[in-house]
Amino acid sequence: MIKQWIGQAERRTVLTWMQAGLVAGYSSYFLGGIGLWGIGPATATPSLNPPSEAVLNPELQIGIVQRFGEKPGDRLNLQASPGDRLTLTFKQGDRPQTFSVQSVEVTVARQPLNPPQVQERVVLSIHRSFESAETTANQWQAQGIGVEIAQPKQWQVWGQRDRYNTPQARRQLLQDLHNKGLTTAYLQQQTLTQTPQLSWRINGQRYQGNSLQIKSNNNLIQVNERRYAGRLRLQPNAYGTYTLVNQVPVEIYLRGVVPYEIGASAPIAAIEAQAILARTYALRNLRRFSIDNYELCADTQCQVYRGLSESFPRVDAAIATTAGQVLTYGSELIDALYSSTTGGVTAAFEDVWEGEARPYLRPVVDTTAPQVWDLQRRPLTEENNLRDFLQLRQGFNEETWRLFRWQQFGALTELNRDLRDFLTQKQSPLKNFQTIQGLQVLERAQSGRVQKLQVSTDRGDVILTKDEILRCFYAPNSLLFYLQPRRAQNGTLEGYEFIGGGFGHGVGLSQTGSYHLADLGWSAGRILNFYYPNTKLQPLHSRLIFWQDPRALAARAETQLDRPQWTLFGWPIFNWSLFGFKF
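Residues numbered from 1 in each chain as written. Predicted model: local features only at pLDDT ≥ 70, side-chain atom pairs only at ≥ 80, totals over all residues. Heavy atoms only, no water.

Caption draft 1: How the structure looks around the packing of helix 6 (residues 268-284) against helix 7 (residues 313-321). Where helix 6 meets helix 7, the axes come as close as 9 Å, and the angle between the chain directions of the two elements is 60°. For the element pair helix 6 / helix 7, the angle class is oblique. Pair helix 6 / helix 7 crosses with right-handed handedness. Along its contact with helix 6, which presents I268, I271, E272, A275 and R279, the element helix 7 presents R314, V315, A318, I319 and T321. Grouping the constituent residues of the contact of helix 6 with helix 7 by class yields 6 nonpolar, 1 polar and 3 charged. (Axes fitted to C-alpha atoms, helices over the stretch in contact; angles between N-to-C directions. Helix = DSSP H or I, 4+ residues; strand = E, 2+ residues; numbered from the N terminus. Parallel < 35°, antiparallel > 145°, perpendicular 65-115°, else oblique. Left-handed = near helix turned anticlockwise from the far one by under 90°. Contact = heavy atoms within 4.5 Å. Nonpolar A, V, L, I, M, F, W, Y, C, P; charged D, E, K, R; others polar.)

See the structure below:
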């Protein structure tokens, strides 16, 4: 599945690049009336000075409404700017239709299915994050199982639908897995009595279809309460609903991300660091929604993106200052993970998710005073050291923030409910337990994050690992915590206090920590080097690798030895990358 997607993305990216060229922010060359630095007609003066060199500005595909039609009352009100018009393009039968309107309302009409249809898919595993889902998908693939990564709500790994495309094939896959002792995979069935179709009215006539493309002359479109630059398209997804996709250049996209991720009032150096990370993160993660033919979402499962409904001149200036800059390790974009608050020490990638370690994502004590804590001398793998560390409240970059330290009580009734829901989703034989009898941390990482949590029940023990713990239990804000049981006077267990620090996964840059470092006068580059040691800040260029499957590197090295040296505009195509995708 991943290899197939890369091939499609290469073709799409090459076409976009050849059509758009190298886009300088000064003009409206790429998006009509929207330049990289400002919004307005093509003849408008740019709001910021353009960079001296052209900036690569690849177009992204963002799912801004991911499951449109999931609720019966779902509506999309699309509107052009005053004086502008929307151009709607769709098909009626085999005939293309194009209309010019000032606004349109789109709903979902449900057509009866007669006879009803049974929809089946093999769910191999369920995950809290894409990172965990992708690692598990790779493990399934290594066993010769075709997979797809999906996100109906939580991330899931499915048996590849076009490979297991008959009831017999799906059941044979499950039987083979169960014979190997892999009993968590299950067959998800749904009887469909209706099929959804997009519906809209133009000049009094009702139209229906499965896709709709929308653009405007000045490339600004109002969607309900928010305004988006670029073009839009509505398309079906894998869940029986529709996705509204915003096609927008990355530098414009950042204007709808950075102020909502770091805060528009953050110190300038912190905003600049966030802009570089958001750009790097987006370009590295274009594979996330390949199952549905777009690239990124608009919420915290990717990056928060709210379009151009508001204007933030300080943020726009920071994006302009860093235009085209990305963070790299070797010749590849880094996995530019970041979180709100680390709790005083960042986590390694493998402390939170399964998968290959990233050499630039290692535990870093989030302080400018080395004497505050020495991880070598007092490793946080030891429980007593971890408890002492979490008692410290001064000397850290995040110390003034509310979630730097926290204490959350999980009542036994709530913990029981959380665990029961988790085990039910996993089809676990322990799902019918009566009550939790105890929680115990079995293993910690060097960063102090809980790696294994034993949950003892009256039916047996459950071992939760890494971010699976946060997927199961609501109480902890992060994996950096220790437990303290609370008992009634008669000794009965009432629940557990989760005493910890940080909010989120804690990998990479701390957004709250970057505020303090910027206030100290640190530059964006210095802040990034602190959180991502041994990385390099450089302009985006065509020879950088956006992302590559580590398992494919060895095979590619062998096959490329026998491939002809074709060229494009005088450049060798093979052993070369364009927008990060290796040829």
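Caption draft 2: Region of interest: the sheet that holds strand 20 (residues 436-444). Judged by pairing direction, the sheet is antiparallel, and its 3 strands sit side by side in the order 20-21-22 without closing on themselves. The strands lining the two open edges of the sheet, one partner per strand, are strand 20 and strand 22 (460-465). Neighbour to neighbour, the strand axes of the sheet diverge by 20° on average, direction disregarded. Examined bridge by bridge, strand 20 and strand 21 (residues 450-457) share 7 bridges and lie antiparallel to one another. Bridge assignment links R444 to a residue of strand 21, and that residue is V450. Of the strands in this sheet, strand 20, strand 21 and strand 22 touch helix 10 (residues 412-425), which is tilted by about 70° from strand 20. (Pairing = 2+ DSSP bridges.)

Caption draft 3: The sheet that holds strand 23 (residues 481-487), seen in detail. Across the sheet, 3 strands lie side by side as 19-24-23; this open sheet has antiparallel pairing. Across the chains shown, the open sheet's two edge strands, defined by having one partner strand only, are strand 19 (406-411) and strand 23. Neighbour to neighbour, the strand axes of the sheet diverge by 25° on average, direction disregarded. Pairing geometry for strand 23 and strand 24 (residues 493-500), over 7 bridges, is antiparallel. Its bridge partner lying in strand 24, Q484 is registered against E497. Here helix 9 (residues 383-391) sits on the sheet and contacts strand 23 and strand 24; the angle it forms with strand 23, its principal contact strand, is near 90°. Where helix 10 meets the sheet, it contacts strand 19 and strand 24, and its direction lies at approximately 80° from that of strand 19.

Caption draft 4: Representation of helix 12 (residues 511-519) within the structure. Counting buried residues in helix 12 gives 7 out of 9 residues, a clear majority hidden from the surface. Listed in full, the buried residues belonging to helix 12 are Q511, T512, G513, S514, Y515, L517 and A518. The first or second residue beyond helix 12 is G521, which carries a positive phi of 100°. (Buried < 20%, exposed > 50% of the residue type's maximum accessible area, 1.4 Å probe, protein only.)

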